[in-house]
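Descriptive analysis of the structure
Below, each chain spelled out in residue letters.
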Amino acid sequence: MYGRQIAFAAEQSDCFVRQCCGNLRPFSMPILLPNGRPAFTLQRPYKCVPSCCWFCTLQELHILRGDGSDGTRLGTVYQEYSLFTRWFKVCDGSGNLIYRIKGPCCHPWTFQIMDPSGQTELGRISKKWSGLLKEMFTDADNFNVEFPQDSTPEVRATLMGALFLIDYLFFEQSGRGGYMAYA
C-alpha cells in the first residue's frame with residue numbers, strides 16, 4: 001500500500017487569519033477518504049500566544065467523527081509545558097489520557113508515542129527528509145507514523161491529529177494549507 005493515496009486533507013480557514021496568526025491559527029480540516037466522505041475532522045481553536053507568556057496558552061487540537069457536525073469527539077491532543085522536551089497529551093473522546101508524545105530537543109524530527117506515564121515507547125511520529133530543494137523552497141513535509149499495536153481506528157485518527165498539530169507547531173513556515181496522506 002505504500003505510495004497510494006488514502007486520504008486528502010484541506011485546511012478551512014480564511015486568508016486574513018492565515019496571514020495574521022501564521023502557524024498558530026485556528027482552523028477546521030476535514031480528512032476525506034478517496035470516495036470524498038469525511039473520515040474525521042480536525043478542529044483547532046484559537047489560542048493567542050503573547051510573547052511574554054507563551055506557556056499560558058498551550059495549543060490543542062480536537063478530533064471529531066465524520067464532518068464534525070454532530071460534535072462526537074474521537075480524541076484531543078494537548079501541548080504540555082516543558083522547557084527542554086516537547087510533550088503532548090493524547091486523550092480519548094471521554095478525556096482519558098491514553099498516550100503522551102515526547103519530542104526530545106536533541107532529535108527535532110522525532111516524536112515518540114509513549115504510554116501514559118511517559119516511560120515506555122509504543123510508537124513514533126517522524127518527519128522524513130524530503131530533499132534539499134523541497135525542504136528549502138516548499139512547505140511540504142513527509143511524515144511516518146508507527147501506531148501502537150493495540151490502537152483502535154479512533155486512536156489512530158487522534159494520533160494523525162497529533163501529527164498535524166506537530167507539523168503546524170514545529171515545521172510550518174507559511175500560511176499555505178493543504179495536505180495529502182499516503183500509505
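That block above? That's the structure.
Here goes a summary of the coordinates provided. Keep in mind it's a predicted model, so treat the numbers as computed, not measured.

1. Quick word on the overall build of the protein chain
Check the secondary structure of the protein chain and you find three helices and 11 strands. Mapped in sequence order, the helices and strands of the protein chain form the string β-α-β-β-β-β-β-β-β-β-α-β-α-β. Taking all 183 residues of the protein chain together, 40% fall into the buried category. A total of about 9,900 Å² of accessible surface is found on the protein chain, and carbon and sulfur atoms cover 56% of it.

2. Let's talk about helix α3 (residues 153-170)
Over its 18 residues, α3 runs 26 Å from end to end, which matches the ideal 26 Å to within 8%, given 1.5 Å per residue. Where burial is concerned, most of α3 is hidden: 13 out of the 18 residues are buried.

3. Concerning the nonpolar core
M29, I31, L42, F88, I101 and I125 are the most contacted members of the largest nonpolar core, which totals 30 residues. Sort the elements by how many residues they give to this core and α3 lands first, with 10 residues. Beyond its immediate chain neighbours, meaning those up to four positions away, I125 contacts I101, W109, T110, F111, I113, F143, N144, V145, L159, A162, L163 and I166.

4. Here's the deal with the pairing of strand β8 (residues 110-114)
Among the five residues of β8, five are classified as buried, and the element is accordingly described as predominantly covered. Here β8 shows a buried face lined by T110, Q112 and M114 and a second buried face lined by F111 and I113. By the bridge criterion, three bridges tie strand β7 (residues 97-104) to β8 in an arrangement that is antiparallel. Within β8, the residue paired with I101 across the bridge is I113. Counting the residues between successive antiparallel strands, the hairpin from β7 to β8 contains five residues.

5. Some words on the side chain of E11
The residue E11 is located in the loop between β1 (5-9) and α1 (15-21) in this model. Look at E11 and you get buried, because its relative accessible area is 11%. Of note is the side chain of E11, whose polar atom sits 2.4 Å from the side chain of S13. Here the side chain of E11 touches Y168 through a polar contact of 2.4 Å, side chain to side chain.

6. Focus: the packing of aromatic side chains
Evaluated as defined, the whole model comprises six aromatic pairs. Here the aromatic residues F88, W109, F111, F143, F170 and F171 are joined through ring pairs into a cluster of three or more. Taking the ring centre of Y78 as reference, the NZ or CZ of K89 above it sits at 5.4 Å. Lying over the aromatic face of F171, K127 brings its terminal NZ or CZ to 5.5 Å of the ring centre.

Conventions used here
- Residues numbered from 1 in each chain as written.
- Predicted model: local features only at pLDDT ≥ 70, side-chain atom pairs only at ≥ 80, totals over all residues.
- Heavy atoms only, no water.
- Helix = DSSP H or I, 4+ residues; strand = E, 2+ residues; numbered from the N terminus.
- Buried < 20%, exposed > 50% of the residue type's maximum accessible area, 1.4 Å probe, protein only.
- Areas by Shrake-Rupley, 256 points an atom, 1.4 Å probe, with all protein chains shown as cover.
- Expected span 1.5 Å × (residues − 1).
- Core = buried A, V, L, I, M, F, W, Y, C linked by side-chain atoms within 4.5 Å.
- Contact = heavy atoms within 4.5 Å.
- Pairing = 2+ DSSP bridges.
- Polar contact = N/O pair within 3.5 Å; in protein donor to acceptor, adjacent residues only side chain to side chain.
- Phe/Tyr/Trp six-rings, centres within 6.5 Å; stacked < 30°, edge-to-face > 60°.
- Lys NZ or Arg CZ within 6 Å of the ring centre and 35° of its normal.

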